[in-house]
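Take a look at the letters that make up each chain.
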Amino acid sequence: MSMKRRGVVRSRALCLLAGLLALSTGTPAYAGEWVHGNHVGAWGVRGFQLWVPTGYDSMTPRPLLVALHGCLQNPDQFAGLTRLNEKADAEGFLVLYPNQASFANATQCWNFMLGMNQERGTGEPSLIVGMVDLVKQRYAVDSRRVYVGGVSAGGVLTGTLMACYSDVFAAGMVGAGAMYKAATTVSGTAFSMLFGSIYSPDDRGRDAWVCSGRPRRTVPVLVMHGTEDSVVHPLNGEQAVKQFLQTSDYGDDGVANDSIPGTPTSTRSFTVPGGRGYTVKDYVRGGELVARKYEIHGMDHAWPGGDSRYPFADPSGPDATTLMWDFFKQHALDVP
């Protein structure tokens with residue numbers, strides 16, 4: 001190896017080490033600022049950004065929200081679009097933004113359709129959970145209140161994380177995404193985006209339950225989808241709800257016996273002042289809100305209520321960030 005090549009390799013190694021040390025040593029960041037880092041696992045390396053909220057102190061365990069950007073986005077853009085950091089400051093939770101690397105996908109889409117990214121302990125899901133573990137090591141995190149939410153490709157990967165790590169995430173939000181294993185190939189992904197998945201939500205519901213090790217708990221899900229989504233067909237949102245209802249049906253007592261209602265227990269309609277109308281469907285069992293779906297009328301592929309300075313925003317929709325956090329606050333894991 002030439003001296004020049006050795007120098008390049010050494011420089012890259014030092015940069016990587018510096019990123020890792022951002023969370024593994026030293027003093028945590030001051031409240032109200034970014035921490036940048038990298039996580040290296042058996043399945044590669046990915047960067048991330050962590051927002052430490054105003055008012056943070058190491059004596060008070062805080063909820064942690066993992067926020068997964070969509071294609072053609074990065075953490076800064078997703079934070080700006082959703083205003084999640086402002087919500088985190090107001091509510092006192094940490095926000096972890098994993099960043100898809102351009103070397104893994106040129107358009108920065110999460111590779112949710114690959115088999116290694118649809119199982120526990122492998123691929124991109126394992127890297128993201130590794131980031132969660134890293135944050136837990138350095139910051140005061142309430143392990144009972146770790147959540148995940150994303151949009152588009154990030155929404156689909158959210159479904160995988162909820163399916164395969166239901167012992168880590170107390171609840172999740174699938175925005176303009178699809179159910180777990182809606183597609184398992186690139187060509188299948190293109191078809192499901194246009195028309196909906198060819199697979200049964202009931203079958204995928206069982207697959208999701210199995211992926212986490214057949215846990216005995218429900219997996220609360222919030223789904224948001226525009227009725228005019230031209231990128232990810234709205235049927236995908238309906239399939240995501242049905243899939244997680246079936247997962248919860250297995251999870252509550254270990255068998256598929258329709259113990260979780262497959263039809264909404266309530267349906268309500270609202271209108272944003274000067275903006276879009278939307279329908280809310282709730283699925284409740286024994287007083288627990290197991291699933292909630294927002295159908296935003298006339299909305300395309302977007303984050304409802306997002307900041308219009310960023311791509312994929314629909315300011316005329318309801319405030320998805322607030323609605324998501326309000327849903328999450330109702331759920332926590334039973335951790336020994």
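Structure: above.
Residues numbered from 1 in each chain as written. Predicted model: local features only at pLDDT ≥ 70, side-chain atom pairs only at ≥ 80, totals over all residues. Heavy atoms only, no water.

**Q** Which residues make up the nonpolar core, and what values go with them?
**A** Core analysis: the largest hydrophobic core is formed by 54 residues, its most contacted members being Leu50, Leu64, Leu96, Tyr139, Leu161 and Phe169. The element that contributes the greatest number of residues to this core is helix 5 (residues 153-164), accounting for 7 residues. Non-local contacts of Leu64, meaning those with residues more than four positions away in its chain, are made with Leu50, Leu94, Val95, Leu96, Val132, Val135, Val141, Arg145, Val146 and Tyr147. With 35 residues, the next largest nonpolar core counts Ala176, Tyr278, Leu289 and Phe328 among its residues. (Core = buried A, V, L, I, M, F, W, Y, C linked by side-chain atoms within 4.5 Å. Buried < 20%, exposed > 50% of the residue type's maximum accessible area, 1.4 Å probe, protein only. Helix = DSSP H or I, 4+ residues; strand = E, 2+ residues; numbered from the N terminus. Contact = heavy atoms within 4.5 Å.)

**Q** I'd love a proper account of the environment of Leu64, names of residues and values included.
**A** You can see Leu64 is positioned in strand 3 (residues 62-68). The exposure class of Leu64 is buried, given its relative accessible area of 0%. Sequence separation of Leu64 and Val148 is 84 residues, and the distance between their C-alpha atoms is 8.5 Å.

**Q** Explain helix 4 (residues 123-138) to me, and be specific about the residues and the numbers.
**A** Because an α-helix completes one turn every 3.6 residues, residues spaced three or four positions apart along the sequence face the same direction. Here helix 4 spans 24 Å end to end across 16 residues, near enough to the 22 Å set by a 1.5 Å rise per residue. The buried fraction of helix 4 is high, at 12 of 16 residues. (Expected span 1.5 Å × (residues − 1).)

**Q** Which residues make up the state of the cysteines, and what values go with them?
**A** Evaluation of the coordinates by the stated rule reveals 2 disulfides. Paired through a disulfide, Cys71 and Cys109 show a sulfur-sulfur distance of 1.9 Å. In this structure the cystine formed by Cys71 and Cys109 twists about its S-S bond by roughly 125°; its chirality is therefore right-handed. Taken together, the residues Cys71 in the loop between strand 3 and helix 2 (75-82) and Cys109 in the loop between strand 4 (94-99) and helix 4 connect sequence positions 38 residues apart. (Disulfide = S-S within 2.5 Å.)

**Q** With reference to specific residues and values, describe the packing of helix 3 (residues 84-91) against helix 9 (residues 320-328).
**A** Packing of helix 3 against helix 9 brings their axes to within 10 Å, and their N-to-C directions diverge by 40°. In terms of orientation, helix 3 and helix 9 fall into the oblique class. For the crossing formed where helix 3 meets helix 9, the hand is right-handed. Touching Leu84, Lys87 and Glu91 of helix 3 are Thr321, Thr322, Met324 and Trp325, all from helix 9. Its residues assigned to classes, the contact of helix 3 with helix 9 shows 3 nonpolar, 2 polar and 2 charged. (Axes fitted to C-alpha atoms, helices over the stretch in contact; angles between N-to-C directions. Parallel < 35°, antiparallel > 145°, perpendicular 65-115°, else oblique. Left-handed = near helix turned anticlockwise from the far one by under 90°. Nonpolar A, V, L, I, M, F, W, Y, C, P; charged D, E, K, R; others polar.)

**Q** Give a detailed account of a nonpolar patch on the surface, specifying residues and quantitative values.
**A** A contiguous nonpolar surface patch, about 530 Å² in accessible area, is contributed by Phe191, Leu194, Phe195, Ile198 and Tyr199. Within the fold, Phe191 resides in helix 6 (residues 186-195). Given a relative accessible area of 40%, Phe191 falls into the partly exposed group. (Patch = residues over 30% accessible without salt bridge, like charges linked within 9 Å, V, L, I, M, F, W, Y side chains within 5 Å. Areas by Shrake-Rupley, 256 points an atom, 1.4 Å probe, with all protein chains shown as cover. Salt bridge = Lys/Arg side-chain N within 4 Å of Asp/Glu carboxyl O.)

As far as function goes, none of this settles anything; it's purely spatial.
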